[in-house]
Amino acid sequence: MTRSPFRLYLLTMLLLLVSGAIIVCAFVLIVDPYGVYGIVRRDHFNAVKPGLTRYQSQIKQEHALRLRPQFIILGNSRAEIGFDPRASALAALGAGYNLAIPGTGLATSASQFAQLRQAGVKPHTVIVGMEFIDFLNPAVAPAARQAPAAAAPAHGRADWRFDALFSLASVKDAVHTLRIQHDGEAATMSADGFNPLLDYGAHARRDGYHKMFAQRARESAANLGRKSTRGLAAEDFQLLRTFLLAMAATQADIKLVIYPYHAQMLAMFEDAGLWPLFEEWKAQLVLAIGEVRARYPGARISLTDFSGYGAYNCEPIPAANERSKATRWYWEAGHFKKALGDIVLRRVMSPQETAPDDGQFGMPLDAARLEENRARIAQERGSCVAAQPALFARQMLAEQHGHAGGRR
């Protein structure tokens, strides 16, 4: 019996394909661009990991499950960029992880916490960034509002793991990992989930902070223009209550943080007619916390408001001709820097009487202090308007909104 002339050819091709697949997988495994495998971690080789552009929730969840952190940070890009788990204010808590995912809301945070809980991980402290804009209904109601999308479960699904190991995108990310080891301005992510936003440094040096603030203002104005000024989303408060109850059941120390929005962003809230809802939102947060405390009297839940027009929030924006001038606290009005995030975390973690002497930045909120908080912000606004009238100029706000005036 004679062998088929194609047998050797086919066997050779099969061997080459299998060998190629093994080499690709071995390359990704060793370089480990997503920090999932941990086979090799060496300085100047693969110790610096690139920022995540895909499977962010799954990969961060994988990291957190492996670390089993004593505290976690949840929220959107403001939290991912601003809150460093290695901040000195958090050192006494032990190991921590920043699970914040850009562009996500409370549903993702609740899902992430639920997944940790199901895996037996119960962080002692949970810091949650609260985003006012997420609680706003759209200006044009959809035909039927869909339920908030939960984050994709990190366990029980092998497809993302396979794609993260054996795909062209993974190979490209592995090569990119090798290339950024000596790049001080590459987009990276720390081993504990913090995004230092090093790539913004290059943008600031090239374009100047004025341009970065202007671009973010236009994006924020477009986003606010899609929001309703007539009410808050009741579904989101129900989700908040459910989330708080789940955290309170684990006896976690829950620290809700209202982000330190830059004054430019708050002026845009005002111009868009959203300020009454902003104040109502805070009152409803306080109400939701009270309802959870009624069910869990021993629950440790704090809400701290870092919004306002104080010295940090009212940081001057460099002029267009001041391209070499840098800001200290904000990258642009949408994102605060780690320097300000460290101050926020210090204020959240420190008793009021030992907090740094920086005015009323970070006021603990409860029902008794809502009015005091309104008065604080009104007083700060007066000072900010006097110091930076351009931030509140109707013409500038109109340009950001792309029309002749605000929505009021």
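Scroll up to find the structure.
All values reported here derive from a predicted model rather than from experimental measurement.

Engineer: What exactly am I supposed to notice about the pairing of strand S9 (residues 300–305) here?
Structural biologist: Moving residue by residue along a regular strand, the side chains alternate between the two faces of the sheet. Both strand S8 (residues 253–258) and S9 contribute to a ladder of six bridges, which runs parallel. Paired with isoleucine 258 across the two strands is aspartate 305, which belongs to S9. Strand direction decides the pairing type here: S9 and strand S12 (residues 363–364), joined by two bridges, are antiparallel. Looking across to S12, one finds that aspartate 305 is bridged to methionine 363.

Engineer: Would you mind going over the environment of valine 171 with me for this structure?
Structural biologist: With respect to the secondary-structure elements, valine 171 resides in helix H6 (residues 168–179). Setting aside chain neighbours within four positions, we find valine 171 in contact with Val24, Phe27 and Val28.

Engineer: Please explain the state of the cysteines as it appears in this structure.
Structural biologist: Each disulfide is one covalent bond, formed between the sulfur atoms of two cysteines. In total, this model carries one disulfide according to the counting rule given. Shown here is the disulfide that connects cysteine 314 with cysteine 384, its sulfur atoms set 2.0 Å apart. Judged by the torsion about the S-S bond (90°), the cysteine 314/cysteine 384 disulfide is right-handed. With a gap of 70 residues between them, cysteine 314 in the loop between S9 and strand S10 (330–332) and cysteine 384 in helix H13 (residues 370–387) connect regions that are remote in the sequence. The pair cysteine 314 / cysteine 384 is uniform in exposure class, with both members buried.

Engineer: Which parts of the structure should I look at to understand the nonpolar core?
Structural biologist: For soluble globular proteins, the rule of thumb is that nonpolar side chains tend to be buried together. Among the nonpolar cores identified, the biggest contains 98 residues, and Phe83, Val128, Phe132, Leu256, Tyr261, Phe269 and Trp281 are the most heavily contacted of them. Broken down by element, this core gets its largest block of residues, nine residues, from helix H11 (residues 275–295). If sequence neighbours within four positions are ignored, leucine 256 has contacts with Val128, Met130, Leu244, Ile289, Ile301, Ser302, Leu303 and Thr304.

Engineer: Please explain the pattern of salt bridges as it appears in this structure.
Structural biologist: A side chain of one charge can pair with a side chain of the opposite charge when the charged atoms of the two come close. For the coordinates displayed, the defined rule picks out 21 salt bridges. Measuring nitrogen to oxygen at the nearest pair gives 3.1 Å for the salt bridge that ties glutamate 80 to lysine 60. With glutamate 80 in helix H3 (residues 77–82) and lysine 60 in helix H2 (residues 56–67), the pair connects residues that are 20 residues apart, well separated along the chain. Here glutamate 80 matches lysine 60 in class, with each residue buried. For the salt bridge of arginine 161 with glutamate 62, the shortest nitrogen-to-oxygen distance reads 3.0 Å. In this pair, arginine 161 sits in helix H5 (residues 159–165) while glutamate 62 sits in helix H2, placing the two residues 99 residues apart along the sequence.

Reading the values: rules and limits
- Residues numbered from 1 in each chain as written.
- Predicted model: local features only at pLDDT ≥ 70, side-chain atom pairs only at ≥ 80, totals over all residues.
- Heavy atoms only, no water.
- Pairing = 2+ DSSP bridges.
- Helix = DSSP H or I, 4+ residues; strand = E, 2+ residues; numbered from the N terminus.
- Contact = heavy atoms within 4.5 Å.
- Disulfide = S-S within 2.5 Å.
- Buried < 20%, exposed > 50% of the residue type's maximum accessible area, 1.4 Å probe, protein only.
- Core = buried A, V, L, I, M, F, W, Y, C linked by side-chain atoms within 4.5 Å.
- Salt bridge = Lys/Arg side-chain N within 4 Å of Asp/Glu carboxyl O.

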